[in-house]
Amino acid sequence: MGKKVQLKRLQAQRSAQLKRCIKPTDNRLKQTDRDVRKKKSKSNGELKVMEKPQVSSAMFFQYNTQLGPPYHILVDTNFINFSIKNKLDIVKTMMDCLYAKCIPYVTDCVVGELEKLGAKYKLALRIIKDSRFERINCMHRGTYADDCLVQRVSQHKCYIVATNDKDLKRRIRKIPGVPIMNVALNRYVIERMPDAFEPMAKK
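What you see is a predicted model; the values in this text were computed from it and never measured.

1. So, the overall build of the chain
Argument step 1. For the chain, the count of helices and strands is eight helices and eight strands.
Argument step 2. Expressed as a percentage of its 203 residues, the buried residues of the chain come to 36%.
Argument step 3. Within the chain, contacts between residues separated by at least 24 positions form 62% of all contacts whose residues are at least 6 apart in sequence.
Argument step 4. Approximately 14700 Å² of the chain is accessible, and the part contributed by carbon and sulfur atoms is 53%.

Structure below.
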């Protein structure tokens, strides 16, 4: 009998607490608080529709199957400039970093950016026009390369992005399965590379 009495008391206390809660129609509530309460009550009963971008077919268990030698590397403007400052041969140093054949790709917007920078960067333009560099034609307007590189990388998962730009790195890190190459300590460093192709992976 004692347990039943205790249960009744608990139920009475809970119902009293529920009654104490302010109703949305109460005069003491501000209009903004009422709107928030209404939204909460509506959202409990309705199903939420979420939009998620379609995952690339190259990603299998979060592992990019399109990556592999020969590596296709999209080169950014500042990566070329950093390489020249550190006196690094771009293609040779890439091959030393990845221990495989590397094909550097340059988009029209990257060439446009270098041409806009003026006479100081003539050497960079000469390096880009080397036969070992592949040229990619851009269909967009303007010479802003960051948006172009991000779009290409999200569409085609076969590229590694070579850049030293912090903002571009931050944007690319949000895209799964895209490794980033950058210049550090007079050599190239690769990050987010799958273990199967990691040159320094321990066996």
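2. Brief notes about helix α4 (residues 90-98)
Argument step 1. Listed as buried for α4 are Ile90, Val91, Thr93, Met94, Cys97 and Leu98. Relative to the axis of α4, the buried residues are bounded by an arc of 165° and lie together on one face.
Argument step 2. Two residues or fewer after α4 comes Tyr99, characterised by a positive phi angle close to 55°.

3. Describing the pairing of strand β3 (residues 71-75)
Argument step 1. Most of β3 sits out of view: four of its five residues are buried.
Argument step 2. Across four bridges, β3 lies against strand β4 (residues 102-107) in parallel orientation. Its bridge partner being in β4, Tyr71 is matched across the sheet by Cys102.
Argument step 3. Direction of pairing for β3 relative to strand β6 (residues 159-162): parallel, over a ladder of four bridges. Each bridged residue has a counterpart across the sheet, and for Ile73 the counterpart in β6 is Ile160.

4. A few points about the packing of aromatic side chains
Argument step 1. Under the criterion given, the structure shown has two aromatic pairs.
Argument step 2. Centre to centre, the rings of Phe79 and Tyr188 are 4.8 Å apart; their planes meet at 45°, and the pair counts as tilted. Residue Phe79 is located in helix α3 (residues 77-85), and its partner Tyr188 is located in strand β8 (residues 187-191); the two are separated by 109 residues in the primary sequence. Each of the two residues, Phe79 as well as Tyr188, counts as buried.

5. Topic: the sheet that holds β8
Argument step 1. In space, the six strands of this open sheet follow the order β5-β4-β3-β6-β7-β8, with mixed pairing throughout. Here the strands that pair on one side only, and so sit at the sheet edges, are β5 (134-136) and β8. On average, each strand axis in the sheet is tilted by 35° relative to the strand beside it, whichever way the strands run.
Argument step 2. Bridge count between strand β7 (residues 180-184) and β8: five bridges; the pairing is antiparallel. Within β8, the residue paired with Val183 across the bridge is Tyr188.

6. Regarding the pairing of β8
Argument step 1. On β8, burial follows the alternation: Tyr188 and Ile190 on one face are buried, whereas Arg187, Val189 and Glu191 on the facing-out side are not.
Argument step 2. With antiparallel pairing between neighbouring strands as the criterion, β7 and β8 make up a hairpin whose turn holds two residues, including Leu185 at a positive phi of roughly 55°.

7. Structural notes on the environment of Lys87
Argument step 1. Along the chain, Lys87 turns up in the loop between α3 and α4.
Argument step 2. A relative accessible area of 77% means that Lys87 is categorised as exposed.
Argument step 3. Linking Lys87 and Asn186, residues 99 residues apart in sequence, is a C-alpha distance of 8.1 Å.

8. What to know about the pattern of salt bridges
Argument step 1. In the structure shown here, the tally under the stated rule is seven salt bridges.
Argument step 2. As a salt-bridge pair, Asp130 and Arg132 come within 2.9 Å of each other at their nearest N and O atoms.
Argument step 3. Looking at Asp130, the relative accessible area reads 25%, which means it is partly exposed.
Argument step 4. What emerges from the salt-bridge pattern is a single network uniting Asp89, Asp130 and Arg132.

Conventions and cut-offs
- Residues numbered from 1 in each chain as written.
- Predicted model: local features only at pLDDT ≥ 70, side-chain atom pairs only at ≥ 80, totals over all residues.
- Heavy atoms only, no water.
- Helix = DSSP H or I, 4+ residues; strand = E, 2+ residues; numbered from the N terminus.
- Buried < 20%, exposed > 50% of the residue type's maximum accessible area, 1.4 Å probe, protein only.
- Contact = heavy atoms within 4.5 Å.
- Areas by Shrake-Rupley, 256 points an atom, 1.4 Å probe, with all protein chains shown as cover.
- Arc of directions from axis to C-beta.
- Pairing = 2+ DSSP bridges.
- Phe/Tyr/Trp six-rings, centres within 6.5 Å; stacked < 30°, edge-to-face > 60°.
- Axes fitted to C-alpha atoms, helices over the stretch in contact; angles between N-to-C directions.
- Salt bridge = Lys/Arg side-chain N within 4 Å of Asp/Glu carboxyl O.

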